[in-house]
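Results of the structural survey
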Amino acid sequence: STALSVIKCKAAVAWEVDKPLSIEEVEVAPPKAHEVRVKIVATGICGTDDHVLKGSIPNIDYPIIPGHEGAGIVESIGEGVTCVKPGDKVIPLCLPQCGECSFCLNPDTNCCLKTHLHESQNLMPDKTSRFTCKGKAIHHFLWISTFSEYTVMPDSAIARIDDDAPLDKVCLFGCGFSTGYGAAINTAKVKPGSTCAIFGLGGVGLSVVVGCKSAGASRIIGIDINKDKFTKARELGATECINPQDFKKPIQEVLLEMTGHGVDYSFEVVGHTDTMVAALVSCHMGSGTCVLVGTPPLGSQLSFDPLLLFTGRTWKGCLIGGWKTKDSIPKLVSGYMEKKFNPDVLITHTLPFDKINEGFELLQSGKSIRSILLY
Ligand code: APR
Ligand code: ZN
Ligand code: ZN
């Protein structure tokens, strides 16, 4: 048996910033107490992994194995682990839920104190790595590093899912789908009959569209500079799609004209500061809510007229759609099994793991929504 021995397997390592990933053989140490070793079966490629390669997110140490949108099967468990057992289907959680900290005990936030925003997740909680390559310790990403065929994570960063769940599809619940869908359902709390605008129609933006539709929005306006994204957006529920490049005036003015006084809910799902402010301006001055979903560039600052908020706009943001991950991701997967929503449409490419760099090129060129890698 492989349990409690070192496993050699394939992984994609980012040795330094601005280099393509290199496929390496890595050694994966057994899980320590309260840790789980998982065989990843499928993993998506998300914009945030691209930010890791480009060095544009905080608290990243190289060399590192990225990847945070995976699904797999528990291979072995360390001492004291009770939430999963070998053979269970699982989704690694890029936002942990320890269940014990003051944030986990607070029903109004999902931002556990164990996240990378409070402390680096580039090493396990005992400050060591479980990955070695060519004699060097390799860093973990968000504790879960799904770009390694076998990976180790703390038991606060794993959720057991349905035994029947198709891992090559439900990996999207690890980040993209849950993030966008939750931004509409939990963070904006979109009301039936309302008008919504979504800036950016990538995998996450399209998941916001799904959330707005399932909440009963009657007008869903998709905005993207790449009109190739409009077909899928309409298929998922967008009632209108517009390209800012087709207008002489700023897109916020176009939206104000289309709606009278602005939309009830606007979502920024690009990660640019200019679209963040445009999304704020686009929502109703007296009662609009604007939700920031896209990851801003490292160290960026916003400049906006504070009067925009005085009249009654609400500006907020969320991580992983505001879900308390360990509690909610298994329920979202069950909802998928009951056909409540179908994020399969977001999967445009399925590639063997070795073609990971091709998957990143597809994302960067705007040709893919989500590429799924299979080990
Ligand atoms: N206005 C509107 N849309 C834009 C603009 C713009 N100025 N600039 C880019 N876009 C569109 C792109 O054409 C693309 O379709 O935004 C979309 C972004 O989608 P992806 O790159 O596929 O990213 P996605 O995975 O959906 O994630 C969106 O959320 O999780 C974060 O890091 C992620 O910041 C990223 C964002
Ligand atoms: Zn992601
Ligand atoms: Zn916690």
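Here the structure is a predicted model, which is why all the values come from computation and not from measurement.

**Describing the coordination of the zinc ion (ligand 2)**
- Those protein atoms acting as donors to the zinc ion (ligand 2) are Cys46 (SG), His68 (NE2) and Cys175 (SG), and they sit at 2.1 to 2.3 Å.
- On the primary sequence, the residues serving as donors to the zinc ion (ligand 2) are separated as C-x21-H-x106-C. Of this pair, His68 sits in the loop between α1 (47-54) and β4 (70-77) while Cys175 sits in the loop between α2 (167-170) and α3 (176-188), and the two are 107 residues apart along the sequence.

**Brief notes about the pairing of strand β17 (residues 370-374)**
- Summarising burial for β17: four of the five residues are buried, a large majority.
- Across five bridges, strand β16 (residues 347-352) lies against β17 in parallel orientation. Counted as the bridge partner of Thr350 is Ile372 from β17.
- The parallel pair β16 and β17 is bridged by helix α10 (residues 356-364), and the resulting crossover is right-handed.

**Considerations on the coordination of the zinc ion (ligand 3)**
- Around the zinc ion (ligand 3), the protein contributes the donor atoms Cys98 (SG), Cys101 (SG), Cys104 (SG) and Cys112 (SG), at 2.3 to 2.4 Å from the metal centre.
- Between the four donor atoms coordinating the zinc ion (ligand 3), the angles at the centre fall across 105 to 117°, so the site counts as tetrahedral.
- Taken in chain order, the donor set of the zinc ion (ligand 3) reads C-x2-C-x2-C-x7-C. Linking Cys98 in the loop between β5 (89-92) and β6 (131-133) with Cys112 in the loop between β5 and β6, this pair joins segments that are 14 residues apart in sequence.

**Quick word on the site of ligand 1**
- Close contacts around ligand 1 come from 21 residues, with Gly203, Val204, Asp224, Thr295 and Arg370 the closest.
- At 3.0 Å from an oxygen atom of ligand 1 is found a side-chain nitrogen or oxygen belonging to Arg370.
- A total of 720 Å² of accessible area belongs to ligand 1 in isolation, and the protein chains cover 85% of it.
- Of all the elements in the fold, those that place two or more residues in the shell around ligand 1 are α1 and α4 (203-214).
- In terms of residue count, α1 provides more of the shell around ligand 1 than any other element does, three residues in total.
- Taken together, the residues of the shell around ligand 1 sort by class into seven nonpolar, eleven polar and three charged.
- Split by domain, the residues of the shell around ligand 1 number at least three in each of domain 1 (7-174 + 342-374) and domain 2 (180-318).

**Some details on the side chain of Asp88**
- Mapped onto the secondary structure, Asp88 falls in the loop between β4 and β5.
- At 2.9 Å, the side chain of Asp88 and the backbone nitrogen of Lys85 are in polar contact.
- Non-local contacts of Asp88, meaning those with residues more than four positions away in its chain, are made with Gly72, Ile73, Val74 and Arg160.

**Digging into the UniProt feature "domain: Alcohol dehydrogenase-like N-terminal" (unreviewed entry) in the protein chain**
- Feature annotation in UniProt assigns "domain: Alcohol dehydrogenase-like N-terminal" (unreviewed entry) to the following positions: residues 33-162.
- A distance of 25 Å separates the end C-alpha atoms of residues 33-162, which is 6% helix and 28% strand.

**Re the packing of aromatic side chains**
- Enumeration over the complete set of coordinates arrives at ten aromatic pairs.
- Arranged with centres 6.1 Å apart and planes meeting at 85°, the rings of Phe147 and Phe360 form a pair that is edge-to-face. In this pair, Phe147 sits in the loop between β7 (136-138) and β8 (150-154) while Phe360 sits in helix α10, placing the two residues 213 residues apart along the sequence. Across the pair, exposure class does not vary: Phe147 and Phe360 are buried alike.
- Seen in terms of ring centroids, Phe177 and Tyr181 are 5.1 Å apart; in terms of plane orientation they differ by 20°. Their pairing is stacked. One end of the pair is Phe177 and the other is Tyr181, both in helix α3 and four residues apart, which spans about a single turn. Each member of the pair, Phe177 as well as Tyr181, carries the same accessibility label: buried.
- Pairwise contacts between aromatic rings join Phe173, Phe177, Tyr181, Trp323, Tyr336 and Phe341 into one cluster.

What counts as what
Residues numbered from 1 in each chain as written. Chains lettered and ligands numbered in written order. Predicted model: local features only at pLDDT ≥ 70, side-chain atom pairs only at ≥ 80, totals over all residues. Heavy atoms only, no water. Donors = N, O, S within 2.8 Å, 3.2 Å for Na, K, Ca; no water. Helix = DSSP H or I, 4+ residues; strand = E, 2+ residues; numbered from the N terminus. Buried < 20%, exposed > 50% of the residue type's maximum accessible area, 1.4 Å probe, protein only. Pairing = 2+ DSSP bridges. Right-handed = clockwise from strand over helix to strand, strands pointing away. Tetrahedral: all angles 85-135°; square planar, octahedral: opposite > 155°, others 65-115°. Near = heavy atom within 4 Å. Polar contact = N/O pair within 3.5 Å; in protein donor to acceptor, adjacent residues only side chain to side chain. Areas by Shrake-Rupley, 256 points an atom, 1.4 Å probe, with all protein chains shown as cover. Nonpolar A, V, L, I, M, F, W, Y, C, P; charged D, E, K, R; others polar. Domains from an automatic or database assignment. Contact = heavy atoms within 4.5 Å. UniProt positions renumbered as here; feature names shortened; annotations may be inferred. Phe/Tyr/Trp six-rings, centres within 6.5 Å; stacked < 30°, edge-to-face > 60°.

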